Amino acid sequence: MRENNRGLALFTGLVYVFLLGPLVIIAVSSFEPGSILKFPPSGFSWRWYANIFDVEMFMSTFRTSMAVSLLGNLFALLLGVPAAYALSRYSFRGKEMLNAVFISPVLIPGIVLGFAMLKYLIVAYHLPIYTALLIGHTVIMLPFIIRVIASSLANFDFSVEEAALSLGASRLHTFFKVVLPNIRSGIIAAVLIAFLESFNNVDISVFMTGPGVSTLPIQLLTYVENYFDPTIAAISVLLMIITSILMFLIERLMGLSYFTKR
Amino acid sequence: MKNRYAYFLILPGLAFLTIFMVIPILLTVGSTFVQNGSFTLGGYWHFFKDPYFLKILLTTLQVSVVTTLLCVVIGFPVAYYISKLPPRGKSVLLALAIFPLLTSSVVRSFSWMILLGKRGLINNTLLAIGLIQEPLDILYTPTAMIIGLVHLFLPLILITLVGVMENIDPDVVKAAESLGASKFTAFRKVIVPLSIPGLIIGSILVFVGSLTAYTTPALLGGKQRVISTFLYQNAITLNDWHSASVIATIMMVITFVVIALMNRAAAKFNPKE
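Figured I'd write up the structure that's included with this text. Position numbers for residues start from 1 in each chain and track the written sequence from start to end. Working convention: letters from A go to chains and numbers from 1 go to ligands, in the order in which they are written. The predicted origin of the model limits local features to residues at a pLDDT of at least 70 and limits the giving and counting of side-chain atom pairs to 80 or more, whereas totals for whole chains, interfaces and linings rest on all residues.

**Let's talk about the overall build of chain A**
Okay, step 1: Helix and strand counts for chain A stand at 12 helices and 0 strands.
Okay, step 2: A run of H or I in DSSP becomes a helix once it reaches four residues, and a run of E becomes a strand once it reaches two; helices and strands are each numbered from the N terminus. The linear arrangement of helices and strands in chain A, starting from the amino end, is α-α-α-α-α-α-α-α-α-α-α-α.
Okay, step 3: The C-alpha extent of chain A, read off along each of the three principal axes, is 70 × 65 × 30 Å.
Okay, step 4: Residue burial is a threshold on neighbouring C-beta atoms within 10 Å of the residue's own C-beta, all placed from the backbone, with 20 or more meaning buried, 12 or fewer meaning exposed, and counts in between meaning partly exposed. The buried share among the 262 residues of chain A stands at 42%.
Okay, step 5: Note that contacts rest on C-beta atoms placed from the backbone: two residues are in contact if these are within 7 Å. The long-range fraction of contacts in chain A, counting pairs at least 24 apart against all pairs at least 6 apart in sequence, stands at 74%.

The following block contains the structure:
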């Protein structure tokens, strides 16, 4: 059995090399001093990191991405927190169906959703591209906000809320003073998870670009199709650093169990 | 009385999703049955007799099936290994699987462009050790798409399976062993059947994900279209909205049929029922 375990350990190791190796290779080749990306790099330089800040289209699409993800997150919270609360707290007719509707943005293929939104929000409803982009991102963040907050509410003892109400506190007051503090870490985790989902989104954003409007992932996609210099590798490294910081925070807030539960 | 609060709290989110998602989707589907003001199935007929479209559909399905099989075959033993580790090692390996999952799909596909190119690391290495004389054409082929998609979705099936395997009561395995089953038999007769619902859910996620993925085929597939890149091409490059709507509907139907079938299968295999 020892042998067997060793074989399995070796196989697992190889699989992890496959999973992480490419990311390590991007990171290493981002220090290439020449203008063509290669591995191993021919030297060491920060040149392409500096270049990121000189290329206006990266900076402006980064700002758009941040604005859309943060503002969309806020909207998704305003719509999602009451819905998650109602879905966890009350039992009522049509609850199953409503649950399904709120989860559906992750079930519909992203590229289909993006196309349908382009067709109706921009072309038929004549919304500005930026507004449509914001709406699209709010829609895709909503299921994550609702799911994470609902799972956080599942551990909340609603009898505490009943007690506050019976002592004469108003519903709203009770929500902010009793319920909210208890699910605070769930809400922060929901915000971070939804942010990553939105910030990395391609499927919706790819249909919502126009004069002066585009998100960072779409800009990267266009850039990669035309150039092969190490700037993209340098940006990738920065994005991976952001990802690992957010992942660390999510782990602190609710453990990694969120990801393994299905 | 309480119920009224519930509807009131749900209403804003529901209205938002209805206006900006449900209605656009329904109108997109509806529009495929109307051409020049009358009902028609012509849009679908046009596609299903077009060899070019059928080829794209077939390639998409092939790529998705192979990706799913590879993810299952690779993911199952690795998930088993992870689930048996002491808590510390388990968290580290899980975290290392979740990290790529949260990393931008553009970054991950791009990493394979570096590796698989004509002068990429893989070709250079194979040339250097003399295994090949000419660089291989891997990038911009279905093989490249499969590699990219396995890389994209393997973590998903890994963490799903670890979640399921963790919940298998170790006493059941011990019982099987004390009754004379070898470790391998115990694995085959206890772990495998109890993991099947998780395996099916993981496979749905991978299969549907591969079927609808856009970034990876767009970057690694070159001229080879799959259904999602074909949808984009029709909508944006060709401005053919009717065709794009038909493709979108076909994509949704396939996705929902797959989810429904596999969910039913998962429920059937669920040992708790």
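**Examining the overall build of chain B**
Okay, step 1: A count of helical and extended segments in chain B gives 12 helices and 2 strands.
Okay, step 2: For chain B, the succession of helices and strands along the chain, N to C, is α-β-β-α-α-α-α-α-α-α-α-α-α-α.
Okay, step 3: By the burial criterion, 44% of the 273 residues in chain B qualify as buried.
Okay, step 4: Partitioning the contacts of chain B with sequence separation of at least 6, the portion at a separation of at least 24 is 73%.

**Brief notes about the nonpolar core**
Okay, step 1: Nonpolar cores are built from buried Ala, Val, Leu, Ile, Met, Phe, Trp, Tyr and Cys residues. These are joined into a set through C-beta atoms within 7 Å. The biggest cluster of nonpolar side chains holds 145 residues, and the ones touching the most others in it are A:Phe115, A:Ile145 and B:Leu231.
Okay, step 2: Tallying contributions element by element places helix α7 (residues 142-166) of chain B first for this core, with 17 residues.
Okay, step 3: Sequence-distant contacts of A:Ile145, defined by excluding residues within four places in its chain, comprise A:Ala76, A:Leu77, A:Gly80, A:Ala190 and A:Ala194.

**A closer look at the environment of A:Leu249**
Okay, step 1: Within the element layout of this structure, A:Leu249 appears in helix α11 (residues 231-254).
Okay, step 2: Sequence separation between A:Leu249 and A:Ser104 is 145 residues, and the spatial gap between their C-alpha atoms is 27 Å.

**With respect to the packing of helix α5 (residues 105-116) of chain B against α7(B)**
Residue and element names in this part refer to chain B.
Okay, step 1: Running from N to C, α5 and α7 point in directions that differ by 135 degrees, and their axes come no closer than 10 Å. The angle between α5 and α7 falls in the class oblique. Relative to α7, the crossing made by α5 is right-handed. Judged by residue contacts, Ser105, Arg108, Ser109, Trp112 and Leu116 of α5 engage Ala144, Ile147, Gly148, His151 and Leu152 from α7.
Okay, step 2: Amino acids outside the nonpolar list (Ala, Val, Leu, Ile, Met, Phe, Trp, Tyr, Cys, Pro) and the charged list (Asp, Glu, Lys, Arg) are all regarded as polar, and Gly is one of them. Partitioned by chemical class, the residues of the contact of α5 with α7 number 5 nonpolar, 4 polar and 1 charged. Between the N-to-C directions of two axes lies an angle of 0 to 180 degrees, each axis being a line fitted to C-alpha atoms and, for a helix, fitted only over the stretch in contact. Any angle from 65 to 115 degrees is called roughly perpendicular, while one under 35 is roughly parallel, one over 145 is roughly antiparallel, and all others are oblique. Note: crossing handedness is left-handed where the near helix turns anticlockwise from the far helix by less than a right angle, and right-handed where it turns clockwise.

**Here we look at the interface of chain A and chain B**
Okay, step 1: Between chain A and chain B, the contact holds 67 residues from the first and 66 residues from the second.
Okay, step 2: Put simply, the parts of the chain that give the side of chain A that touches chain B at least two residues each are α1 (2-29), α3 (56-89), α4 (95-107), α5 (110-124), α6 (129-153), α10 (216-226), α11 and α12 (257-260) of chain A.
Okay, step 3: In terms of residue count, the dominant contributor to the side of chain A that touches chain B is α1(A) (14 residues).
Okay, step 4: The residue inventory of the side of chain A that touches chain B, partitioned by class, reads 53 nonpolar, 9 polar and 5 charged.

**Comments concerning the packing of helix α9 (residues 183-212) of chain B against helix α12 (residues 241-269) of chain B**
Residues and elements named next belong to chain B.
Okay, step 1: Interaxial distance between α9 and α12 falls to 9 Å at its minimum, and their mutual angle equals 175 degrees. Considered as vectors, α9 and α12 are oriented roughly antiparallel to each other. The residues of α12 that touch α9, namely those facing Ile196, Pro197, Ile200, Ile201, Ser203, Ile204, Phe207, Val208, Leu211 and Thr212, are Met251, Ile254, Thr255, Val258, Ile259, Met262, Ala265, Ala266 and Phe269.
Okay, step 2: Split by residue class, the contact of α9 with α12 holds 16 nonpolar, 3 polar and no charged.

**With respect to α6(A)**
Residue and element names in this part refer to chain A.
Okay, step 1: Each helix should span, by expectation, one fewer than its residue count multiplied by 1.5 Å. In this model α6 runs 36 Å from its N-terminal to its C-terminal C-alpha over 25 residues, within 8% of the 36 Å that 1.5 Å per residue would give.
Okay, step 2: Along α6, the largest kink reaches about 30 degrees and is centred on Met141; proline Pro143 follows within four residues of it.
Okay, step 3: Across the 25 residues of α6, 19 count as buried, placing the element largely inside the fold. Throughout, bend refers to the angle between the axes fitted to the seven residues that end at a position and the seven residues that start at it.

**A short note on unusual backbone geometry**
Okay, step 1: Here A:His126, not a glycine, exhibits a phi torsion of approximately 55 degrees, which is positive.
Okay, step 2: As for its placement among the helices and strands, A:His126 is situated in the loop between α5 and α6.
Okay, step 3: The phi dihedral of B:Tyr140 falls on the positive side, at around 70 degrees, and the residue is not glycine.
Okay, step 4: With respect to the helices and strands, the residue B:Tyr140 is situated in the loop between α6 (121-128) and α7.
Okay, step 5: By the C-beta count within 10 Å, which is 18 here, B:Tyr140 ends up partly exposed.

**A short note on helix α3 (residues 51-84) of chain B**
Okay, step 1: Across its 34 residues, α3(B) extends 49 Å between first and last C-alpha, which sits within 8% of the 50 Å expected from 1.5 Å per residue.
Okay, step 2: In the structure, α3(B) departs most strongly from a straight axis at B:Gly75, where the bend amounts to approximately 30 degrees and where the proline B:Pro77 lies between one and four residues downstream.

**Structural notes on the environment of B:Ser243**
Okay, step 1: You can see B:Ser243 is positioned in helix α12.
Okay, step 2: It is 54 Å that separates the C-alpha atoms of B:Ser243 and B:Pro170, two residues lying 73 residues apart in sequence.

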